[in-house]
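An overview of the molecular structure
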Amino acid sequence: TELQTADTLTWVIIQTESGPQPRTNHAMVQLQNGQILLFGGVDTNGTALNDTWLYTPHLVGQSTRNKNHHTKDLSKTQLADWSPITPPNSPSAREGHSMVTLPDGRVLLYGGTDDQGAWFNDLHAFNGDNWESITPGNDPPPGRANHNAWVRNDKLYAQGGFGPSLFEDFWRYDINTNLWEQLESPPDFISPHSFPMVIGGMIVFVDFHSFIYNDGKLFHYDMDQMLWGEQQLTNWPPFSRSFYEMVQDNESAYMLGGATWDEINQKNVYSNEVWKFDYSSLSWSQETSMPYAVYDGAAVYDQLDDLLIYWGGRLNNEILFPAEHVMAGHWGSPPVDISSNEVLPNEFSLEQNYPNPFNPSTTIEYTLPNVEATRRVVFTTLKIYDILGREITTLVNEYQLPGRYNIEFNVEKLTTASLPSGIYFYTLRARDSSSSDKSVSSEFQETKKMMLIK
């Protein structure tokens, strides 16, 4: 059994009974009561959304990493779940907007873009399960999306972002005076992919995307003196990446997932890596990777339970992150009672395809068991072979959760030459080498025969 120390990051997948529609480029923020607010994003068809959801985090466990963190009463364990709310005055559908929590508990939403080419510069406040529009007393900045935004005291700061052009400007909105003010722009380009760390009265831009272009500089801004500065950082992790998420915990920030560009194959390669940036030592360290390789989702640091929570985004170009799954990273003791009402299988199985014989498509069913109480994912492959043992195609090649799966095999969708009639084989392999549950085998392989008749 692996010993989990207080500083060991461990990932689990929490399965909820329901969830928002899968999406990317949405925004999430934690409310003062511990719930997580989600708004907007874009679905798999590119349609902008304007639904509002609240997520109640499951009590994953009592952190032993930081005794100063508040911890919940362990006797009040409950199932994590999503709840939709439909305020009548919700902001219009959008993606790429920002949301920040104000000192008074309200959430402030700014900017974004829709699926019709509009760029927003409006402000909305969420409070008590309701949205309200805010009309500032002067002209706001130009509309934009995917900008850097943060809050300090009673002021919202917004820097850069995408719009009709790439913005490099810098603005501040004062909640008390209801006025926008343009501030001095940064001395060099700061990528919209960067993350603003609030360190006391200073904001530090951790730019995991553009560090290779600006000699590894960390640009910072003193919000009291209103002055820009820079620091040199030489020990960046390998590979620039985009569409990652970062969350801050005191003077540390955690970089989650993202995409790196494969120059040879001219495509994005998605990552499940987690890197920790410690501002006090200006150093990076690699943490335990997430179960899924994801990008363009949203993440929050749950201050009440000392958790990293990730939801949404893409698993690849075709598949969005599953709505009913939440990835949670915790430190210290194992998670407490992560469960759902679903009855999970307790053994691997591969069923006979149907119909069989088939033409042109058939369905293959298989089952992945609940290997551990943590619902640990297993790495699963499902491949098709001809009678000589030559691989025809790979239908599945990813980490998957426990459950029952139905996969279609359609010979008309193959990019290779048309398959002739005959006998073919399909092989399921599933492996969880880290399982400690000895009552269930953590490795499985089975092959079955099927027949194609044209």
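The structure displayed is predicted, hence computed values, not measured ones.

Here's the deal with the environment of P187
The residue P187 is located in the loop between strand 13 (179-183) and strand 14 (195-199) in this model. Of the residues examined, P187 reaches a relative accessible area of 54% and is grouped as exposed. With 19 residues separating them in the primary sequence, P187 and E168 have C-alpha atoms 9.6 Å apart. Setting aside chain neighbours within four positions, we find P187 in contact with F219 and W228.

Structural notes on the pattern of salt bridges
Under the definition given, this model contains 13 salt bridges. R94 is the partner of D122 in a salt bridge, and the nearest nitrogen-oxygen pair spans 2.8 Å. Of this pair, D122 sits in strand 8 (residues 119-127) while R94 sits in the loop between strand 5 (81-85) and strand 6 (98-101), and the two are 28 residues apart along the sequence. The partly exposed category is assigned to D122, whose relative accessible area is 23%.

Some words on the sheet that holds strand 1 (residues 9-15)
Strand order in the open sheet made by the 4 strands is 1-26-25-24, with antiparallel pairing throughout. Only two strands of the sheet have a single neighbouring strand rather than two, namely strand 1 and strand 24 (298-302). Averaged over neighbouring strand pairs, the angle between their axes works out to 20° when direction is ignored. Bridge analysis of strand 24 against strand 25 (residues 307-311) gives 5 bridges, and the strand direction is antiparallel. From the neighbouring strand, Y301 faces strand 25, where its bridge partner is L308.

Examining the nonpolar core
Generally speaking, nonpolar side chains in soluble globular proteins are found buried as a group. Among the nonpolar cores identified, the biggest contains 34 residues, and L256, L308 and M327 are the most heavily contacted of them. Contributing elements (two or more residues each) for this core: strand 1, strand 3 (36-39), strand 4 (52-56), strand 19 (252-256), strand 24, strand 25 and strand 26 (325-331). Excluding anything up to four places from it in sequence, L256 contacts W11, Y244, E245, E273, V274, M290, A299, L308 and Y310. Core analysis: the second largest hydrophobic core is formed by 23 residues, Y366, V396, I407 and Y424 among them.

A look at the pairing of strand 30 (residues 391-400)
Where strand 29 (residues 378-386) and strand 30 come together, 8 bridges link them in antiparallel fashion. Residue T380 lies in a different strand from strand 30, and its bridge partner there is E398. Taking the residues between adjacent antiparallel strands as the criterion, strand 29 and strand 30 are bridged by 4 residues, where G389 takes a positive phi near 85°.

Quick notes on the sheet that holds strand 12 (residues 166-174)
Here we have 4 strands laid out as an open sheet, ordered 10-11-12-13, and antiparallel in their pairing. This sheet does not close on itself; its edge strands, each paired only once, are strand 10 (148-152) and strand 13. With strand direction ignored, the average angle separating the axes of adjacent strands in the sheet is 20°. As defined by bridge partners, strand 11 (residues 155-162) adjoins strand 12 across 7 bridges and the pair is classed as antiparallel. Of the residues in strand 12, the one forming a bridge with Y157 is R172.

Structural notes on the packing of aromatic side chains
Counted by the stated rule, this structure contains 29 aromatic pairs. Taken together, a centroid distance of 4.5 Å and an interplanar angle of 5° make the contact between F211 and W236 stacked. A residue pair is termed long-range when its members are at least 10 positions apart, and F211 in the loop between strand 15 (202-206) and strand 16 (217-222) and W236 in the loop between strand 17 (227-232) and strand 18 (245-249) qualify at 25 residues. For F211, a relative accessible area of 8% gives the class buried. Residue classification places W236 among the buried positions, given a relative accessible area of 12%. Plain terms: the ring middles of F243 and Y295 are 5.9 Å apart, the flat faces sit at 70° to each other, and that makes the pair edge-to-face. You can see F243 sitting in the loop between strand 17 and strand 18 and its partner Y295 sitting in the loop between strand 23 (283-287) and strand 24, a full 52 residues away along the chain. A relative accessible area of 34% means that F243 is categorised as partly exposed. Each residue in the set W150, Y157, F170, F205, Y221 and W228 is aromatic and connected to the rest through ring pairs, giving one cluster. The ring of F120 has R94 lying over it, and the distance from NZ or CZ to the ring centre is 4.1 Å. Over the ring of F167 we find R144, and its NZ or CZ is 4.2 Å from the ring centre.

Remarks on the confidence of the model for the chain
Here the chain shows a mean pLDDT of 84. Residues at 70 or above account for 86%. For the chain, the element scoring lowest by mean pLDDT is strand 1, at 82; strand 13 scores highest, at 98. Here residues 60-64 scores under 50 on pLDDT; set against residues more than four positions off or in separate chains, the count is 21 contacts.

Examining the pairing of strand 12
Burial within strand 12 is extensive, with 7 of its 9 residues counted as buried. One ladder, built from 5 bridges, connects strand 12 with strand 13; its direction is antiparallel. Its bridge partner being in strand 13, R172 is matched across the sheet by E181. What sits between strand 12 and strand 13 in their antiparallel hairpin is a turn of 4 residues, with N178 showing a positive phi close to 60°.

Some remarks on unusual backbone geometry
Here the bond from Y354 into P355 is cis, since omega is -5°, no more than 30 degrees from zero. Among the structural elements, P355 can be located in the loop between strand 27 (349-350) and strand 28 (361-368). The omega torsion across N359 and P360 is 0°, close enough to zero to call that bond cis. Residue position: P360 is located in the loop between strand 27 and strand 28. The phi dihedral of N178 is positive, around 60°, even though this residue is not glycine. Looking at where N178 falls in the secondary structure, it is placed in the loop between strand 12 and strand 13.

Analysis parameters
- For every chain, the first residue of the written sequence is number 1, and numbering continues from 1 along that sequence.
- Note on the predicted model: pLDDT of at least 70 is required for a residue's local features to be given, and 80 or more for side-chain atom pairs to be given and counted; whole-chain, interface and lining totals, by contrast, use all residues.
- Excluding hydrogens and water, the side-chain values take into account all heavy atoms of the structure.
- We count a stretch as a helix when DSSP gives it H or I for four or more residues in a row; a strand needs E for two or more, and each element gets its number in order from the N terminus.
- The buried label goes to any residue with under 20% of its type's maximum accessible area, the exposed label to any with over 50%, and the partly exposed label to all in between, with areas taken from a 1.4 Å probe on protein chains only.
- Any two residues whose heavy atoms approach within 4.5 Å at even a single point are treated as in contact.
- Each reported salt bridge corresponds to a side-chain nitrogen of Lys or Arg within 4 Å of a carboxyl oxygen of Asp or Glu.
- Whether two strands pair depends on DSSP finding at least two bridges between them.
- Helix axes are fitted to C-alpha atoms over the stretch in contact, other axes to C-alpha atoms as well, and angles between N-to-C directions run from 0 to 180 degrees.
- In these notes, a set of buried Ala, Val, Leu, Ile, Met, Phe, Trp, Tyr and Cys residues joined through side-chain atoms within 4.5 Å is what counts as a nonpolar core.
- Aromatic rings from Phe, Tyr and Trp, with only the six-membered ring used for Trp, were paired whenever their centres fell within 6.5 Å, and each pair was classed as stacked if the ring planes differed by under 30 degrees, edge-to-face if by over 60, and tilted otherwise.
- Two conditions define a charge sitting above a ring: the NZ of Lys or the CZ of Arg must be within 6 Å of the ring centre, and it must be within 35 degrees of the ring normal.
- How sure the predictor is of each residue is captured by pLDDT, a score from 0 to 100.

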